[in-house]
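Examination of the molecular architecture
Listed below, chain by chain, are the residues.
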Amino acid sequence: MSTEGPTLPPELVTAILSLLPTHTFTSIRTLLAFSLASRASFDLASQSSLWDAHLHARWPSSRPAPSHAKQAYIHRHLLDTETSRTLDRLTSTPQGRIPAADRWLCEVGPLGRERLRALICAPVQDELQPWFERDARGVWRGFEEEGEGEVKEDALCRRYWAQEMLGLLGRAEAMKVWARVARGEDVSFEEGIASLSVFRGAEMGEVTSTLDSLAEACAAWPGYASVPADDIPGRCEAIVRFMESEGFGPPEDNEYHAMAGHYLHLVLTTHKRTLPMTLCCVFVSLARRLGLDAHPANLPGHLICTVLGTLPSPTPPSSSSPPITLPEPQHVDPSQRFQRASPLIPRPLLLSLLPALGSPDPSLLGPAPTMQMLFRAALNIRHSIRADARTPEGDLMEAVYLSSVALYRLGPALAGGGLGAREPRGALEWLAGVLAERFVLDVGMVEREMAVGDELCTGLAYAGQFEAAREEDEEMPVPRRREEGAVIRFKVGQMFQHRRFLYTAVIIGWSETCDQSEAWIQQMGVDRLARGRHQPFYHVLVAQDGSARYVAEENVVLLSSLGRAFEPEEAARLVRERREVGRWFGRWQAGEGVMGRWVLGREGREIWPDDVELDGEGE
């Protein structure tokens, strides 16, 4: 390194370097190259004032110490590099995914979130890009590194595994919330219920932001703003009326067990006619943001809210009124199950109802701990699993995972192990099977987060599912070859219309004959088909609802034979609604002579090597 410094005044050099654009890695390369010129150049190019702008452009949530911006940038860059390498590993080979994902979770964890968001929004091929652009509006796209704008091979596979890593991160954070709840730490009702949403792909921060905006709208709503600050019952009723004006309310009778009603992010957007638990969570969250000391009350059979008064103001005491404590708590029923003209329920009425509800204890009308609420929410989800046959398979797996872990994590803390122990052994095996089939990246995290000797881990070890999942993770998949003489007309990736039911689907696997159980064959009437059970059958994903089906070859009619193309918008919707399409297919292909088909990704090519090249359209 030269000892001669720059010939320009240091202030001018700093001003010039500060003009480097912050959205590209080329500027970082320029800073680093300049720093090698001399000791003086190194000192000038290392100033935190220069690096801070680049740091926040690439990682908007980063908040380092003012004097350590360069070190923070380098540290975050290394973590991003590890995140990208892990994604490359997950995409390139099916072997060793469990330890690779778990290592990334331990070493990088939440600091890899922004990089994953950028990778999820990476470009796909031109035919699909407009619809993915629409999905990505408002999503931070990340820092533009060299080659970031290029469409990578197996782009949909990379998108899928990046989403899986982001989901793993969210579920790990949810389990940490539950661990804090189980230890008796102070976790709000809102945080506890919001943690359930990560199992449906949301982030708790998104829920918080939506509730912040909703509370601002409520504060400005004339029906609330006109109520005096010391009229606490009036403000409670105004919040409920505001919620009603926004579309919130009880569900229709046939929607009471709908799975979407358990997830706060869906309740705040698309499923506002919902369950008492989530309606109470919305009310409590809004009320507390507006200064009311609101809590859930664990009334048996029907959840309500209790308001004790007002919260201390965050402003200095000299400029604010002291908090108000009501002589008697105010009870609020946001779902209005009691069918009164007002959502406010007189306390004497509730006290008179307690014996009929199974307990005369008036403390049930007081603030309920988050542990009780979270456990009750998990029980409600378990009940919906059994009661709502319309739940899609993917949503069902998420619900099994979520409810089982929450019940076993919180049950012992609530009742000395009794509640957790009541779950049958079969439920543990069911959970283990769901993890092995759908959430394989979570295996290491679940083992680690649960205490050694915990009922859950004991059950899973007994079921042998984790060991089987790890063994399978270390093996290369066995290729499915088309045996000589076997006539399997169609190939993985082709689009078809069902001959009888007319839905559109994509083939994701095949078997030479029906390989289901005898009971399934009898139940589905397979032997009544024209070609019976001794014909090829195909595993498929339905484009309209993302459900998985098993279809006899005689019912497969390729779209090409109907003169119908599978449009890019349909392909993009299928990826959004059933993202595991990206596990098997790297891209979607359309063009002259091709009516639309999915091209196998690397893992798919290893499993279905004879299906890589289509002979025309398989006719």
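Use the structure listed above.
Conventions used here
Residues numbered from 1 in each chain as written. Predicted model: local features only at pLDDT ≥ 70, side-chain atom pairs only at ≥ 80, totals over all residues. Heavy atoms only, no water. Helix = DSSP H or I, 4+ residues; strand = E, 2+ residues; numbered from the N terminus. Expected span 1.5 Å × (residues − 1). Buried < 20%, exposed > 50% of the residue type's maximum accessible area, 1.4 Å probe, protein only. Polar contact = N/O pair within 3.5 Å; in protein donor to acceptor, adjacent residues only side chain to side chain. Phe/Tyr/Trp six-rings, centres within 6.5 Å; stacked < 30°, edge-to-face > 60°. Lys NZ or Arg CZ within 6 Å of the ring centre and 35° of its normal. Core = buried A, V, L, I, M, F, W, Y, C linked by side-chain atoms within 4.5 Å. Contact = heavy atoms within 4.5 Å. Arc of directions from axis to C-beta.

1. With respect to helix H13 (residues 232-245)
- For H13, spanning 14 residues, the distance from its first C-alpha to its last is 20 Å, which sits close to the expected 20 Å at 1.5 Å a residue.
- Residues Ile232, Gly234, Arg235, Cys236, Ala238, Ile239, Val240, Phe242 and Met243 constitute the buried set of H13.
- Looking at where H13 begins, the residue whose side-chain oxygen comes 3.0 Å from the main-chain nitrogen of Gly234 is Asp231.
- Gly247 lies just past H13 and shows a positive phi near 100°.

2. Remarks on the packing of aromatic side chains
- Taken as a whole, this structure holds 12 aromatic pairs when the rule is applied.
- On the basis of an interplanar angle of 70° and a centroid distance of 4.9 Å, the ring pair of Trp59 and Tyr73 is categorised as edge-to-face. Within this pair, whereas Trp59 is found in the loop between helix H4 (48-58) and helix H5 (69-92), its partner Tyr73 is found in helix H5, the two being separated by 14 residues in sequence.
- On the basis of relative accessible area, Tyr73 is assigned to the buried category, the value being 2%.
- Ring geometry for Tyr401 versus Phe439: centroids 4.9 Å apart, planes at 55°, classification tilted. Taken together, the residues span a long stretch of sequence, with Tyr401 in helix H18 (residues 393-415) and Phe439 in the loop between helix H20 (425-438) and helix H21 (443-449) at a distance of 38 residues. Summarising the burial analysis for this pair, Tyr401 and Phe439 share the class buried.
- An aromatic cluster of at least three residues, connected via ring pairs, comprises Trp178, Phe199, Tyr401 and Phe439.
- Above the face of the Trp510 ring, Arg480 is positioned so that its terminal group lies 5.2 Å from the ring centre.
- Over the aromatic face of Tyr503 sits the side chain of Arg549, whose NZ or CZ is 4.9 Å from the ring centroid.

3. Here's the deal with the nonpolar core
- Core analysis: the biggest nonpolar cluster contains 102 residues, and Trp178, Phe189, Ile239, Leu264, Val282, Phe283 and Tyr401 have the highest contact counts within it.
- Examining the composition of this core, we find that 13 residues originate from one element, helix H9 (residues 155-182), more than from any other.
- Setting aside residues up to four positions removed in sequence, Ile239 forms contacts with Cys218, Tyr224, Phe283, Leu286, Ala287, Leu290 and Leu292.
- In terms of nonpolar packing, the next biggest core, distinct from the first, is built from 33 residues, Ile488, Val551, Val581 and Trp588 among them.

4. Focus: helix H11 (residues 204-220)
- Its 17 residues place the ends of H11 25 Å apart at the C-alpha level, agreeing with the 24 Å of an ideal helix rising 1.5 Å per residue.
- Among the residues making up H11, those that are buried are Met204, Val207, Leu211, Leu214, Ala215 and Cys218. Angular distribution of buried residues about the axis of H11 spans 105°; they occupy a single face of the element. Exposed positions of H11 whose direction lies more than 90 degrees from the buried face are Gly205, Glu216 and Ala220.
- Contact partners of the buried residues in H11: H9, helix H10 (189-194), helix H12 (222-225), H13, helix H14 (264-267) and helix H15 (276-289).

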